[in-house]
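# Fold and contact review
Each chain is listed here by its residues.
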Amino acid sequence: MKDAWILVAALLASPLAAAQDNFPSKPIKVIVPFTPGAGSDIAARYFGGEMGKVLGVSVVVENRPGAFGAVAAGVVKSAPADGYTIFLGGNSPITVNPVVVKNLSYDPIKELRPVSGLARNTNVFIVPPGSKAQTLAELIAEAKRRPQPMNAGTPAAGYHLVLEWFAAEAGIKFNHIPYKGGAQTYADVAGGTLDFAVGELAGTMELIKGGKLHALAVTSDTRHPDLPNVPTVKESGFPSFVSYSWNSFYVRAETPDSVTQKLADAMATVMASEGARKFVRTAGTELLPLGPEAMRKFQMEELARFQGIADRAGIKPQ
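Per chain, residue numbering runs from 1 following the sequence as it is written. Reporting of local features is limited, given that this is a predicted model, to residues whose pLDDT is at least 70; pairs of side-chain atoms are given and counted only at 80 or more, and all residues count toward the totals for whole chains, interfaces and linings. Side-chain numbers come from the whole structure's heavy atoms, not from hydrogens or water.

## Considerations on the overall build of the protein
What counts here: Under the scheme used here, helices are H or I runs from DSSP no shorter than 4 residues and strands are E runs no shorter than 2 residues, and both carry numbers assigned from the N terminus. Taken over C-alpha atoms, the radius of gyration is set against a globule rule of 2.2 Å times the number of residues to the power 0.38. In this analysis, two residues are considered to be in contact whenever any of their non-hydrogen atoms come within 4.5 Å of each other. Only the protein chains shown count as covering a residue, and every accessible area follows the Shrake-Rupley method with a 1.4 Å probe. In this tally, Asp and Glu contribute negative charge and Lys and Arg positive charge; neither His nor the terminal groups of the chain are included. Here the site of a charge means atom NZ of a Lys, CZ of an Arg, CG of an Asp or CD of a Glu.
Within the protein one finds 11 helices and 10 strands. In summary, the protein has a C-alpha radius of gyration of 22 Å against a globular reference of 20 Å for 318 residues, a match within 12%. With the principal axes as the frame, the protein shows a C-alpha extent of 85 × 40 × 30 Å. A fraction of 76% describes how many contacts in the protein between residues 6 or more apart in sequence connect residues 24 or more apart. Accessible surface, the protein as shown: approximately 14800 Å² in total, 57% of it carbon and sulfur. Distance between charge centroids for the protein: 3 Å, based on 31 positive and 28 negative side chains.

Rendered as C-alpha cells:
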C-alpha cells in the first residue's frame with residue numbers, strides 16, 4: 001500500500017515538474033497598477049518585452065489601476081502561482097501602501113516575491129521660477145522666516161513621506177497639499193499656487209529645462225547628468241538624505257523556485273544589455289539591477305525607512 005501511494009504521488013507530481021521544466025511555454029502577463037503611459041507602465045513594457053525575447057515568448061502588459069494598487073495585486077493573487085502572471089511593483093504598492101493604507105488587501109511581503117529590480121528615478125525639490133528661494137538653504141530660511149507654514153504639494157503618498165523626512169531633518173513646518181498625480185502638482189508650482197513641491201524628476205525634467213519650474217535639489221546619491229548644476233540634497237547639508245522612486249517585477253510567493261529563477265536569470269541578461277542602459281538614459285532614470293534576494297533586502301530597508309518617517313510624523317494608515 002505504501003508503494004502504491006508513492007507511485008500516485010509521483011504521478012501527480014510529474015506534470016507539475018514537467019511544467020516547470022518547460023517554463024515558459026506560453027505568453028506571460030505583466031499586471032501594471034498604473035494607467036498606460038505612466039513612467040512605470042513604460043518601464044514594464046520595455047523590460048517585459050526584452051525579458052520575453054530572452055525567454056522566447058511574448059509578454060503582454062495589462063493595466064489595472066485602482067485602489068492604490070490593490071486591483072492589480074488582486075489580479076496577481078487570483079492567478080496561478082506558475083510565473084505566467086507578473087506584478088509590476090514599485091515603491092508605492094510595495095513599501096508605501098503598507099505604511100499609509102489601512103486594511104491593505106494584499107501583503108507585499110507574504111504574498112509576493114521579487115524577481116528583479118527594473119529602474120529607479122530620483123526625486124526633486126521644485127519651486128516657481130520667480131521664487132525667493134533659489135537654493136535649498138534659502139527655502140529652509142524662508143520657511144523659518146514666514147509666520148505661516150509654506151504650501152507644499154506632493155503627487156502621491158510616497159512623496160509626502162519624503163517631504164516629511166526632509167522637514168524633520170531641516171526643522172521646518174509646511175502645509176501639505178496632496179494631489180492625485182504629478183501634472184496638476186507641477187502646474188500649481190509653476191503658477192505659484194504652491195510654494196514648493198517634491199516630485200519625480202522624469203516627470204518634471206522638461207518643465208525644469210524649459211524654465212517653468214526651478215529645481216532646488218535632487219534626492220539621488222549624485223547629481224543627475226542632465227542637470228549638472230542642480231545639487232543633491234545630500235551635498236546641501238543632509239548627508240544621509242537619499243531617496244528614489246523605483247519599480248520591479250514580482251510573482252506570487254508560492255511560485256516555484258525554479259520558475260522564479262528562470263525569470264530572474266532572463267532579467268539579469270536584460271539588465272546587462274546595452275539596450276537597457278540606453279533605455280534608462282533616454283528615460284532619465286537608472287537601472288536597478290537587483291535579483292530576488294537583493295531586491296527583497298532593498299524592499300525591507302525601504303519599508304523600514306518609510307515606517308520610521310511615518311511614525312515620527314504621526315502619519316497613521318487611512
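## Describing the packing of aromatic side chains
What counts, and what does not: Pairing of aromatic side chains requires ring centres within 6.5 Å, counting the rings of Phe and Tyr and the six-membered ring of Trp. Pairs whose planes differ by under 30 degrees are stacked, by over 60 edge-to-face, and all others tilted. Three labels apply to residues, based on accessible area from a 1.4 Å probe with only protein chains included: buried if under 20% of the type maximum, exposed if over 50%, partly exposed otherwise in between. Put simply, a charge is over a ring when the Lys NZ or the Arg CZ is close to the ring centre, within 6 Å, and near the line of the ring normal, within 35 degrees.
This structure, assessed with the given rule, holds 10 aromatic pairs. Ring geometry for Tyr-46 versus Phe-279: centroids 4.3 Å apart, planes at 5°, classification stacked. Remark: Phe-279 occurs in helix α10 (residues 274-283) and Tyr-46 occurs in helix α2 (residues 39-55); sequence separation between them is 233 residues. The burial state of Tyr-46 is the same as that of Phe-279; both residues are buried. Between the aromatic rings of Trp-165 and Phe-241, the centroid separation amounts to 4.0 Å while the plane-to-plane angle is 25°, which identifies the pairing as stacked. Placement of Trp-165 in helix α6 (residues 157-170) and of Phe-241 in the loop between β8 (214-218) and β9 (244-252) is noted, with a sequence separation of 76 residues between them. Taking relative accessible area as the criterion, Trp-165 reaches 8% and is therefore assigned buried. Connected via pairs of aromatic rings, a cluster forms that spans Phe-125, Trp-165, Phe-166, Phe-238 and Phe-241. Residue placement shows Lys-26 over the ring face of Tyr-84; its charged tip is 4.7 Å from the ring centre.

## Notes on helix α8 (residues 201-209)
Definition in use: Think of the arc as the fan of directions from the helix axis to the C-beta atoms.
Those residues of α8 that sit buried are Leu-201, Thr-204, Met-205 and Ile-208. Down the axis of α8, the buried side of the element spans an arc of 135°, and every buried residue falls inside it. Residues of α8 that are buried make contact with β4 (112-127), α7 (182-190), β7 (196-200) and β8.

## Side note on the nonpolar core
The cut-off we apply is this: Buried Ala, Val, Leu, Ile, Met, Phe, Trp, Tyr and Cys residues that are joined via side-chain atoms within 4.5 Å together make up what is termed a nonpolar core.
Among the nonpolar cores identified, the biggest contains 35 residues, and Phe-125, Leu-136, Phe-166 and Phe-196 are the most heavily contacted of them. Looking at this core, the elements with two or more residues in it are α4 (91-100), β4, α5 (136-145), β5 (150-154), α6, β7, β8 and α11 (292-313). Considering each element in turn, this core owes the most residues, eight residues, to α6. Judged by nonpolar contacts, the second largest core, of 31 residues, contains Val-32, Leu-55, Ile-86 and Ala-119.

## Digging into α11
Condition: Multiplying one less than the number of residues by 1.5 Å gives the expected span of a helix.
With 22 residues, α11 should cover 32 Å at 1.5 Å per step; its first-to-last C-alpha distance of 32 Å lies within 8% of that length. Listed as buried for α11 are Met-295, Phe-298, Gln-299, Glu-302, Leu-303, Arg-305, Phe-306, Gly-308, Ile-309 and Ala-310. Summarising the contacts, the buried residues of α11 are in contact with α4, β4, α6 and β9. Two residues or fewer past α11, Gly-314 is found with a positive phi of approximately 75°.

## Some details on the side chain of Glu-302
Quick note on the threshold: Under the rule applied, a polar contact is a pair of N or O atoms within 3.5 Å (in protein, one hydrogen donor and one hydrogen acceptor; residues adjacent in sequence only if both atoms are side-chain atoms).
When you line up the elements, Glu-302 lands in helix α11. The exposure class assigned to Glu-302 is buried, which follows from its relative accessible area of 8%. For Glu-302, the side chain forms a polar contact with the side chain of Trp-246, separated by 2.9 Å. If we ignore the near neighbours within four places in the chain, the residues touching Glu-302 are Thr-95, Tyr-244 and Trp-246.

## Considering the side chain of Asn-97
Along the chain, Asn-97 turns up in helix α4. What makes Asn-97 buried here is its relative accessible area of 5%. Within the structure, Asn-97 has its side chain in polar contact with the backbone oxygen of Phe-68 (distance 2.3 Å). Of note is the side chain of Asn-97, whose polar atom sits 3.0 Å from the side chain of Tyr-106. Aside from chain neighbours lying at most four places away, what touches Asn-97 is Phe-68, Ser-92, Leu-104 and Tyr-106.

## Concerning unusual backbone geometry
Peptide bonds are trans in most cases, and residues, glycine excluded, mostly fall at negative phi. Residue Pro-24 is reached from Phe-23 by a cis peptide bond, and omega for that bond is -10°. By secondary structure assignment, the location of Pro-24 is in the loop between α1 (2-21) and β1 (28-32). With a phi close to 55°, Ala-67 is a non-glycine residue in the positive phi region. Within the fold, Ala-67 resides in the loop between β2 (59-63) and α3 (70-78). With a relative accessible area of 48%, Ala-67 lands in the partly exposed category.

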